[in-house]
2 protein chains.
Amino acid sequence: MPIRILLADDHQMVRQGLRALLEQEGFKVVGEAADGHQATRLAQELTPDIAILDLAMPLMNGIGAAKAIGQASPQTKVVVLTMHTEAQYVLEALRAGIRGYVLKSRAAGELVQAIREVSRNSTFLSSDISDTVVDAYLNKVDVPTDTLSPRELQVLQLVAEGKTTKEVASLLNISVKTAESHRTRIMEKLDIHETASLVRYAIRRGLVQP
Amino acid sequence: MPIRILLADDHQMVRQGLRALLEQEGFKVVGEAADGHQATRLAQELTPDIAILDLAMPLMNGIGAAKAIGQASPQTKVVVLTMHTEAQYVLEALRAGIRGYVLKSRAAGELVQAIREVSRNSTFLSSDISDTVVDAYLNKVDVPTDTLSPRELQVLQLVAEGKTTKEVASLLNISVKTAESHRTRIMEKLDIHETASLVRYAIRRGLVQP
DNA sequence: TAATTTTTAAGGTTTTTACCGGATTGACCA
DNA sequence: TGGTCAATCCGGTAAAAACCTTAAAAATTA
């Protein structure tokens with residue numbers, strides 16, 4: 001029985017390319033998602049063996065999606081596929097429970113290898129990921145953590161993407177007032193008082209692309 | 001005789017995926033490049049019919065590569081493949097002599113269509129490209145793009161720094177209304193509709209630090 | 001279990017934006 | 001030299017968004 005895969009990347013063209021590559025290798029791509037929300041919903045519905053998640057996605061980024069999928073479909077193992085080599089991203093992903101971390105700058109063979117390793121319960125990190133990062137994770141060295149709650153991170157990402165409070169509310173299925181509350185609280189916590197600074201903060205945190 | 005294609009994108013995995021898709025369609029990918037320099041060299045060496053260029057590449061970006069290829073291999077037609085929908089990217093690309101502009105967020109079919117159109121000397125723009133840009137292009141109207149006036153750049157920077165419109169006005173010794181109309185005009189020019197996107201644009205332009 | 005944080009929400013107020021308009025200056029061009 | 005156009009400037013009004021305060025389930029943690 002082929003390994004069943006969910007593919008999440010915000011660029012349809014990239015997804016189609018990856019699908020072609022993966023199907024050549026005998027994997028079965030059972031679903032595609034363009035954002036973290038959709039990925040989570042599809043993971044719950046399809047319970048794929050592997051979810052391949054881009055880190056930079058709108059509405060909900062890869063980290064958020066990894067956590068959500070861990071809840072919605074525990075048997076699904078997550079492989080992150082990204083351009084980011086920075087330690088911060090890797091560690092955050094590992095803490096979110098991902099099993100593989102593959103760089104887009106590497107050959108497709110690495111993704112294939114990652115899928116095979118992860119699906120037999122091992123882990124896989126692209127060869128460019130420094131050993132120090134892994135050490136840091138294993139030794140549980142303290143890295144400055146976000147004081148923001150998961151929900152707040154979600155709201156922050158959406159705000160930084162340019163969503164209005166109304167849009168945020170409807171995307172998260174909460175009232176406008178609640179969305180407002182979240183944003184107010186984020187600003188309080190971060191001691192930030194304008195949207196522009198919030199956007200810059202979100203970019204520094206890697207929640208959105210510049 | 002199949003259409004001969006040069007593929008340039010800084011992510012090997014994406015290139016491999018696109019190659020798979022294009023070869024399924026009967027095109028012949030004769031070369032791959034990971035940056036603008038390499039793309040230019042290969043274009044000169046291989047004189048492909050079509051060069052597909054990502055805009056975001058190291059060493060030399062897609063625009064620079066498009067111009068260089070126009071010199072090095074005049075018979076090669078350039079199709080830009082990117083995630084950017086902003087007017088200034090599109091127009092800049094058009095001015096650099098590109099023949100197709102395709103968004104990565106669209107289906108691969110659009111890239112195929114673009115290749116066919118361009119290779120028979122037509123042009124192709126992805127359907128998400130704003131109508132105003134298309135109009136500007138079709139009417140050959142010289143629409144100002146990133147040619148923000150000095151005053152507008154000033155306002156943009158202040159806005160991106162988190163200054164309120166009121167603060168901008170007082171810093172520049174103009175009325176709030178004037179500051180507002182500057183910002184409105186900036187957004188018009190850039191085809192951007194929220195402050196958050198404006199901030200991200202300013203960061204990309206290097207006007208402010210993230 | 002108790003304490004705390006998170007997430008949710010509303011009512012009333014203030015601020016900002018969107019959209020309409022027009023005026024002036026200076027540069028460029030036919 | 002008169003016309004055009006971009007840049008700069010400013011105002012009114014209606015709508016939208018943000019802000020302030022309060023608060024109560026729900027989830028987490030101690």
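The rules behind each value
Residues numbered from 1 in each chain as written. Chains lettered and ligands numbered in written order. Predicted model: local features only at pLDDT ≥ 70, side-chain atom pairs only at ≥ 80, totals over all residues. Helix = DSSP H or I, 4+ residues; strand = E, 2+ residues; numbered from the N terminus. Rg over C-alpha atoms; globule rule 2.2 N^0.38 Å. Buried ≥ 20, exposed ≤ 12 C-beta atoms within 10 Å, placed from the backbone. Contact = placed C-beta atoms within 7 Å. Near = placed C-beta within 6 Å. Nonpolar A, V, L, I, M, F, W, Y, C, P; charged D, E, K, R; others polar. Pairing = 2+ DSSP bridges. Axes fitted to C-alpha atoms, helices over the stretch in contact; angles between N-to-C directions. Core = buried A, V, L, I, M, F, W, Y, C linked by C-beta atoms within 7 Å. Expected span 1.5 Å × (residues − 1).

Colleague: Before we move on, can you summarise the overall build of chain A with the specific residues and values?
Modeller: Of the regular secondary structure elements, chain A holds ten helices and six strands. Taking 210 residues into account, the globule formula puts the C-alpha radius of gyration at 17 Å, and chain A, at 17 Å, falls close to it. The burial tally for chain A puts 46% of its 210 residues in the buried class. Long-range pairs, those at least 24 residues apart, make up 61% of the contacts in chain A with a sequence separation of at least 6.

Colleague: Please provide a residue-by-residue account of the protein's contact with DNA strand D, values included.
Modeller: Looking at DNA strand D, there are 17 residues lining it, with Thr-165 of chain A together with Ser-149, Arg-151, Ile-174 and Ser-175 of chain B nearest. It is helix α9 (residues 176–190) of chain B that provides the largest number of residues to the surface near DNA strand D, a total of four residues. Classifying every residue of the surface near DNA strand D gives three nonpolar, eight polar and six charged.

Colleague: I'd like a description of the protein's contact with DNA strand C, backed by residues and values.
Modeller: All names here are of chain A. What surrounds DNA strand C is a group of 16 residues, the closest being Ser-149, Arg-151, Ile-174, Ser-175 and Lys-177. Broken down by element, the surface near DNA strand C gets its largest block of residues, five residues, from helix α9 (residues 176–190). Among the residues making up the surface near DNA strand C, the classes are represented as two nonpolar, nine polar and five charged.

Colleague: How would you summarise the interface of chain B and chain A if you had to cite specific residues and measurements?
Modeller: Often the size quoted for an interface is simply the accessible area lost on bringing the parts together. Opposite the 32 residues of chain B that make contact, chain A presents 31 residues. For the side of chain B that touches chain A, the secondary structure elements donating two or more residues are α1 (12–24), α5 (108–119), α7 (150–160) and α10 (195–205) of chain B. The element contributing the most residues to the side of chain B that touches chain A is α1 of chain B, with nine residues. For the side of chain B that touches chain A, a count of residues per class yields 15 nonpolar, ten polar and seven charged.

Colleague: Which residues make up the sheet that holds strand β5 (residues 100–103) of chain A, and what values do they have?
Modeller: Residue and element names in this part refer to chain A. The six strands lie next to each other as β2-β1-β3-β4-β5-β6, forming an open sheet whose pairing is parallel. At either end of the open sheet lies a strand with only one pairing partner, and these are β2 (28–33) and β6 (124–125). Sheet analysis places β5 next to β6, joined by two bridges and oriented parallel. Each residue of the ladder has a partner; that of Gly-100, found in β6, is Phe-124.

Colleague: For the sheet that holds strand β5 (residues 100–103) of chain B, give the residues involved together with the corresponding values.
Modeller: Residues and elements named next belong to chain B. Taken together, the six strands give an open sheet; going across it, the order is β2-β1-β3-β4-β5-β6, and neighbouring strands pair in parallel fashion. With one partner strand each, in any of the chains shown, β2 (28–33) and β6 (124–125) form the two edges of the open sheet. Contacts from helix α3 (residues 62–72) reach β1 (4–8), β3 (50–54) and β4 (77–82) within the one sheet, and its direction differs from that of β3 by about 160°.

Colleague: Break down the nonpolar core for me, with residues and values.
Modeller: With 124 residues, the main nonpolar core has Val-79 of chain A together with Val-79 of chain B as its most contacted residues. Non-local contacts of Val-79 of chain B, meaning those with residues more than four positions away in its chain, are made with Ile-50, Ile-52, Ile-98, Arg-99, Gly-100, Val-102, Ala-114, Ile-115 and Val-118 of chain B.

Colleague: Let's hear about helix α1 (residues 12–24) of chain A: which residues, and what values?
Modeller: An ideal rise of 1.5 Å per residue puts 18 Å on 13 residues; α1 of chain A measures up with 18 Å between its terminal C-alpha atoms. What α1 of chain A keeps buried is the set Met-13, Val-14, Arg-15, Gln-16, Gly-17, Leu-18, Ala-20, Leu-21 and Leu-22 of chain A. In this structure, the buried side of α1 of chain A is in contact with β1 (4–8), β2 and α5 (108–119) of chain A together with α1 and α5 of chain B.

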